[in-house]
Structure formats: C-alpha cells, structure tokens
Amino acid sequence: MNLLSVLPLALVMVAGPQIISAVFLASGRNARRTSLAFVLGAGFALLVGLGSWYVVFHAVRHAVAVPGGDDGARRLLDWVVLVVLVGLIPTVYARRSRRPRWMGRLPEAGPRLAFGLGFLLLAAMPTDEATMLTVAASLAGHHRPWWHLLPFAGSTLLLLSLPLLALSLLGRRAVTVLPGIRDWAETHAWVVSEAVILIFLATVVRDLLSPAG
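Residues numbered from 1 in each chain as written. Predicted model: local features only at pLDDT ≥ 70, side-chain atom pairs only at ≥ 80, totals over all residues. Heavy atoms only, no water.

## Section: the packing of helix α8 (residues 149–160) against helix α9 (residues 162–170)
Okay, step 1: Packing of α8 against α9 leaves a shortest axis separation of 4 Å and a crossing angle of 50°. What the angle tells us is that α8 and α9 run oblique. Contact with α8, carried on its side by L158, L159 and L160, involves L162, P163 and L165 of α9 and no other residues of that element.
Okay, step 2: Partitioned by chemical class, the residues of the contact of α8 with α9 number six nonpolar, no polar and no charged. (Axes fitted to C-alpha atoms, helices over the stretch in contact; angles between N-to-C directions. Helix = DSSP H or I, 4+ residues; strand = E, 2+ residues; numbered from the N terminus. Parallel < 35°, antiparallel > 145°, perpendicular 65-115°, else oblique. Contact = heavy atoms within 4.5 Å. Nonpolar A, V, L, I, M, F, W, Y, C, P; charged D, E, K, R; others polar.)

Right, dumping it as structure tokens:
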C-alpha cells in the first residue's frame, strides 16, 4: 500500500452533495468569497478527521498485541479497511442522485455559512468519515508517515475547488459551464465513487492475500 493507492479515494470524498454544493456556491452572490470559505471549511474538516484517525490507528498498530507481530497488526488494520469499504458500497449507492432541499438556498449563502457547510459536509457525512478512516488506517497500517495524508487532502480540496477555478478562469462563461458540472455530478458521481472503492478494495484484498513478512 502506497501514497498513490489512496489518492483516487479523493473522488469518493467529493462525489455527491460536496461538489454539487461547491457548484451552487460558485453560481451565487459573492461567489468567490463563499467558494473560498467552503474550501477552507472542508480543509479544516480534513485536518481534524484525517489527523484524528491517523493518530488512533498509529497508536493501535503499536499498542495491540496480535499474532504475527508487526505484520499481524498491519493485517488487522487491513481487515478494518476491508470491512469499511464493503460497507461503503451500498451506502454510496443509496445516496445517489439525492439533492437535499437546502441546496436551493446556497446561491444566497454568505461566507460564514459556506465555511460551516464545507466543514460539516466532510466531517459529518458517513461516506466521507468512512473514507478518511480508510485512508488513515491504510497509511498508518503500512507505516507511512503522517505527511502522506497531505497529498490526499490536497487532491480532495483541488476537486472541491474546481467550480471556483472555473469561475476564476472563465469569468461569465462559467455560468454555462457550472450547471453542466452539477448535472453530471448528480447523475454519474456515484458510479465513479463505486468504481474507485472497488479498485481500492481489490488492492486491500491483494495485500491480505500476499505472503506474510
């Protein structure tokens, strides 16, 4: 398990209400300020979530005595990741194409609301919490240093920043581009998430089946 293996899970983090909310904010009043506040809130949620889970699983790996020593601890965390990933598959499917009513009010949101929304959508969503757990457990279980969390967090924030980047680069033309991004995400984002989860699931299974040592 390496850093590149977990990066695609950033797609799972943003697929659904997260990227759709980012599009709505980029289409509303004070679009740049609210979009930036949204990304900052999401970044704070990533800092808290990933950091907390990494500390937990790093401590578990060194504190829990399991048969096989260090390799046994790694396999234990791989099993935790496997169970979480299997649980994510039906959860992502159940939440497909479901736009909450509150999204219709986002174009009128201010920076404070946008920051809180960015934090809550990543910190309180079961799919995102499970994904952060998966990333932290995978990296801690395979003795990857904490800073390996940063490229994953950066990739997630970059994806959430796409509507803001489109607004900055395209100006008024973004008004015609952003609805297309929103509609595509509502229809297809869950499929991308499921594909990424299955690929990562295969990687975890491969690690579990590999010889000890």
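## Things to note about the pattern of salt bridges
Okay, step 1: Tallied over the full model, the rule gives two salt bridges.
Okay, step 2: In this structure, R29 and E108 form a salt bridge, with 3.3 Å as the shortest nitrogen-oxygen distance. Here R29, found in the loop between α3 (17–26) and α4 (31–63), pairs with E108, found in the loop between α5 (69–94) and α6 (111–123); they are 79 residues apart in sequence, far enough to count as distant.
Okay, step 3: Its salt-bridge partner being R206, residue D207 comes within 3.7 Å of it at the nearest N-O pair.
Okay, step 4: Accessibility expressed as a relative area gives 8% for D207, which makes it buried.
Okay, step 5: A relative accessible area of 52% means that R206 is categorised as exposed. (Salt bridge = Lys/Arg side-chain N within 4 Å of Asp/Glu carboxyl O. Buried < 20%, exposed > 50% of the residue type's maximum accessible area, 1.4 Å probe, protein only.)

## Quick look at a nonpolar patch on the surface
Okay, step 1: Where nonpolar side chains cluster on the molecular surface, the patch consists of L36, L40, F44, L47, V48 and F115 and spans about 560 Å² of accessible area.
Okay, step 2: Counting residues per element, the nonpolar patch draws most heavily on α4, at five residues.
Okay, step 3: Here F44 is to be found in helix α4.
Okay, step 4: The exposure class of F44 is partly exposed, given its relative accessible area of 41%. (Patch = residues over 30% accessible without salt bridge, like charges linked within 9 Å, V, L, I, M, F, W, Y side chains within 5 Å. Areas by Shrake-Rupley, 256 points an atom, 1.4 Å probe, with all protein chains shown as cover.)

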